[in-house]
Amino acid sequence: MATIVGVRFKEVGKIYYFDPNGLDPKPRDKVIVETARGTEFGEVAFGAREIEQESITSPLKRVLRMATERDLKTLEENREKERTAYEIGVKKIKEHKLQMKLVSVEYTFDRSKILFYFTADNRVDFRELVKDLAAVFRTRIELRQIGVRDESKIVGGLGVCGRPFCCKSFLGDFQPVSVKMAKEQNLSLSPTKISGTCGRLMCCLKYEQDAYEHLLRVTPKNGAVVETPEGRGVVVDFNLLTGILKVRLDKRPEAAPLVISRKQVKLVKDSKIQVDKKELEALKEIE
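Residues numbered from 1 in each chain as written. Predicted model: local features only at pLDDT ≥ 70, side-chain atom pairs only at ≥ 80, totals over all residues. Heavy atoms only, no water.

Under the counting rule described, the total for this entry stands at seven aromatic pairs. Between the aromatic rings of Phe9 and Tyr16, the centroid separation amounts to 5.8 Å while the plane-to-plane angle is 45 degrees, which identifies the pairing as tilted. Judged by relative accessible area, which is 30%, Phe9 ranks as partly exposed. Each residue in the set Phe9, Tyr16 and Phe18 is aromatic and connected to the rest through ring pairs, giving one cluster. Taking NZ or CZ as reference, Arg49 lies 3.8 Å from the ring centre of Phe46, over its face. Its end group placed over the ring of Phe174, Lys153 keeps NZ or CZ at 5.9 Å from the ring centre. (Phe/Tyr/Trp six-rings, centres within 6.5 Å; stacked < 30°, edge-to-face > 60°. Buried < 20%, exposed > 50% of the residue type's maximum accessible area, 1.4 Å probe, protein only. Lys NZ or Arg CZ within 6 Å of the ring centre and 35° of its normal.)

The following block contains the structure:
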């Protein structure tokens, strides 16, 4: 077993494991830790606990110390420097006439490097920009291209539901979301209905997917052959959440479909939800 403590570096960011190094930090405590890119300031997400050795990548980096008042002041100074660096970065991008959008700027805690996060539709040759920025700030410069989901997580905003973005509020990592999920949840495949503000599929499609997958396993779908108390028939419509089926009976094909609960039928042959390939291709860019 290994003793670890969870630390995150952004308000709603990924949690990283560190060796507590004999310290006993509590959740929300501020700590200084050793990372691959130098000394960093972080917040404890959870206190010391033991986990299986196989669950970690050895050797673990260490918690160096609890953050001091001086460290908090340094952090605030870095935030002010980031605001200035952002303005300079935007100006330099315009001067170099590059097709890119600067999203945010981040100083490492020890100020050994400045990271500029940007979005762009295509590859950008920013070598001259890096040289120019390095001449201004006289430190290591790194430019990182990020996706539209990452931009939304950094910038924030309100979703179509009227609430703050999930990625900004509580999602540490992005979960894979697919058009198939929207189809299985019987949602409209209109991009405007299933896309978030970032233009990609809404992250919340993932939240209830496990429940829908379970219901799909136990619910006969359109085209399924079932036995009912009134005879054999084919399912022509179904509601996953209520479990109500509409079955066209073989002996009364011209009559109105029989409305019945899935619990009252016996499955003879099931079918699958079909996703049109043309629909998938048309919506691929929003996944």
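As a further point, take the sheet that holds strand β7 (residues 113–119). With mixed pairing, three strands are arranged side by side in an open sheet as β6-β7-β8. Both outer strands of the open sheet, β6 (101–107) and β8 (140–145), are each paired with one neighbouring strand and no more. Strand-to-strand twist in this sheet, taken as the mean axis angle between neighbours without regard to direction, amounts to 20 degrees. Pairing analysis gives six bridges linking β7 to β8, with the strands arranged parallel. (Pairing = 2+ DSSP bridges. Helix = DSSP H or I, 4+ residues; strand = E, 2+ residues; numbered from the N terminus. Axes fitted to C-alpha atoms, helices over the stretch in contact; angles between N-to-C directions.)

Here five strands make up an open sheet; going across it, the order is β12-β11-β10-β9-β13 and the pairing antiparallel. Whereas interior strands pair on both sides, the edge strands pair on one side only; in this sheet they are β12 (258–261) and β13 (266–269). Strand after strand, the sheet turns through a mean of 45 degrees between neighbouring axes, direction not considered. As defined by bridge partners, strand β9 (residues 225–228) adjoins strand β10 (residues 231–238) across four bridges and the pair is classed as antiparallel. Looking at the pairing, Val225 lines up with Val234 of β10.

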